[in-house]
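Read off the chains here:
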Amino acid sequence: YVALKRDTGDVLWTHDALGTGTKVTGDRAWTGAFAAGPVVVLPGPKTVGVDPRTGAVVWQAAGGTHAVRWPRPAGDRVLVLTAGYGGKTPKPGQVRCVDAATGNELWAAPCDLDFGSVPAATVAGDVLVGWTPTGEKAGDKPLARLIAFKLADGGMDKAWEGEPFVLDEDPFHA
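Criteria and thresholds
Just so you know, the residues in each chain are numbered from 1, in the order the chain's sequence is written. A pLDDT threshold of at least 70 governs which residues receive local features in this predicted model, and a stricter bar of 80 or more applies before side-chain atom pairs are shown or counted, although totals over entire chains, interfaces and linings include all residues. To obtain the side-chain values, all non-hydrogen atoms of the structure were included, while hydrogens and water were left out. Every helix listed is a DSSP run of H or I at least four residues long, and every strand listed is a run of E at least two residues long, numbered separately from the N terminus. Only protein chains enter the accessibility calculation, which uses a 1.4 Å probe. A residue is then buried if its area is under 20% of the maximum for its type, exposed if over 50%, and partly exposed in between. Note on contacts: a residue pair is in contact if any heavy atoms of the two residues lie within 4.5 Å. Areas reported as accessible are Shrake-Rupley estimates using a 1.4 Å probe. Residue values count occlusion only from the protein chains shown. What is meant by a nonpolar core is a set of buried Ala, Val, Leu, Ile, Met, Phe, Trp, Tyr and Cys residues, joined one to another through side-chain atoms within 4.5 Å. At least two bridges found by DSSP between two strands are what make those strands a pair. To obtain each axis, a line is fitted to C-alpha atoms, and for helices this fit is confined to the stretch in contact; angles are then taken between N-to-C directions over 0 to 180 degrees. Note that patches include only residues with greater than 30% relative accessible area and no salt bridge, and the join distances are 9 Å for like charges and 5 Å for nonpolar side chains (Val, Leu, Ile, Met, Phe, Trp, Tyr). In what follows, salt bridge is the name for a side-chain nitrogen of Lys or Arg lying within 4 Å of a carboxyl oxygen of Asp or Glu.

J.: Lay out the overall build of the protein chain with the relevant residues and their values.
T.: In terms of regular secondary structure, the protein chain is built from 0 helices and 15 strands. In the protein chain, buried positions account for 42% of the 174 residues. Of the contacts formed within the protein chain by residues at least 6 apart in sequence, a portion of 39% connects residues at least 24 apart. As presented, the protein chain carries roughly 9,100 Å² of accessible surface, and 53% of it is formed by carbon and sulfur atoms.

J.: Describe the nonpolar core, listing the residues and the values that go with them.
T.: With 17 residues, the main nonpolar core has Leu79, Val95, Trp107, Leu128, Leu151 and Met156 as its most contacted residues. Among the elements of the structure, strand S7 (66-70), strand S8 (77-82), strand S9 (93-99), strand S10 (105-111) and strand S13 (141-152) are those that each provide at least two residues to this core. Val41, Ala61, Val80 and Val98 belong to the second-largest nonpolar core, a separate cluster that totals 11 residues.

J.: An account of the sheet that holds strand S3 (residues 34-36) is needed here, citing residue identities and associated values.
T.: One open sheet holds the 4 strands; their spatial order is S3-S4-S5-S6, and the pairing between them is antiparallel. Every interior strand has two partners, whereas the edge strands, S3 and strand S6 (57-62), have only one. Shown here is a sheet whose adjacent strand axes are inclined to one another by a mean of 30°, direction ignored. Strand direction decides the pairing type here: strand S4 (residues 39-42) and strand S5 (residues 46-50), joined by 3 bridges, are antiparallel. When the bridges of S5 are listed, Leu42 appears paired with Val48.

J.: Would you mind going over a nonpolar patch on the surface in detail, with residue names and values included?
T.: Residues Val2, Leu4 and Val11 make up a contiguous nonpolar surface patch of roughly 280 Å² in combined accessible area. With respect to the helices and strands, the residue Leu4 is situated in strand S1 (residues 2-4).

J.: Report on the pattern of salt bridges, specifying residues and quantitative values.
T.: Inspection of the entire model under this criterion finds 8 salt bridges. Linking Asp76 and Arg69 is a salt bridge whose minimum nitrogen-to-oxygen distance equals 2.7 Å. Residue Asp76 is classed as buried on the basis of its relative accessible area, which comes to 13%. Judged by its relative accessible area of 38%, Arg69 falls in the partly exposed class. One salt bridge connects Arg72 with Asp153, and the closest N-O pair in it is separated by 2.9 Å. In this pair, Arg72 sits in the loop between S7 and S8 while Asp153 sits in the loop between S13 and strand S14 (155-161), placing the two residues 81 residues apart along the sequence. By relative accessible area, which is 19% here, Arg72 ends up buried. A relative accessible area of 52% places Asp153 in the exposed class.

Here it is as structure tokens:
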């Protein structure tokens with residue numbers, strides 16, 4: 001990650017949140033940096049919150065293939081999402097909610113969204129939405145479904161699950 005001065009484009013700081021030598025290949029990637037509360041969040045093998053002025057690490061949370069900001073009136077939260085996958089042999093992923101200011105874990109919950117193949121989860125209000133494969137096919141194309149979870153201070157519950165849809169050959173454009 002590289003932070004640039006907005007008025008000059010000069011490098012302000014750099015951070016190796018992905019880890020030295022980490023390769024991002026195929027359809028596996030971490031999401032980009034984003035602001036949450038007083039920090040800039042850098043998702044990677046260890047998701048970190050850094051001071052936006054200096055790049056100094058403020059907090060560090062284990063792992064996650066994806067992270068998203070959950071804006072809250074009492075202070076931003078960061079949802080650190082660990083890969084899982086659906087289908088005929090499901091492996092649940094996990095959502096860990098951390099305080100954006102401190103990095104303290106507030107709660108963790110298993111989740112059947114697929115965070116490993118595509119960083120496609122998002123938060124709208126108090127709802128986390130993403131997708132998971134069903135393990136079935138329509139012809140030679142895999143099927144998936146949207147799933148939403150209602151977020152709360154103490155955890156999350158499944159809100160709804162959509163009808164199956166056909167995944168494009170390029171899951172980044174499904």
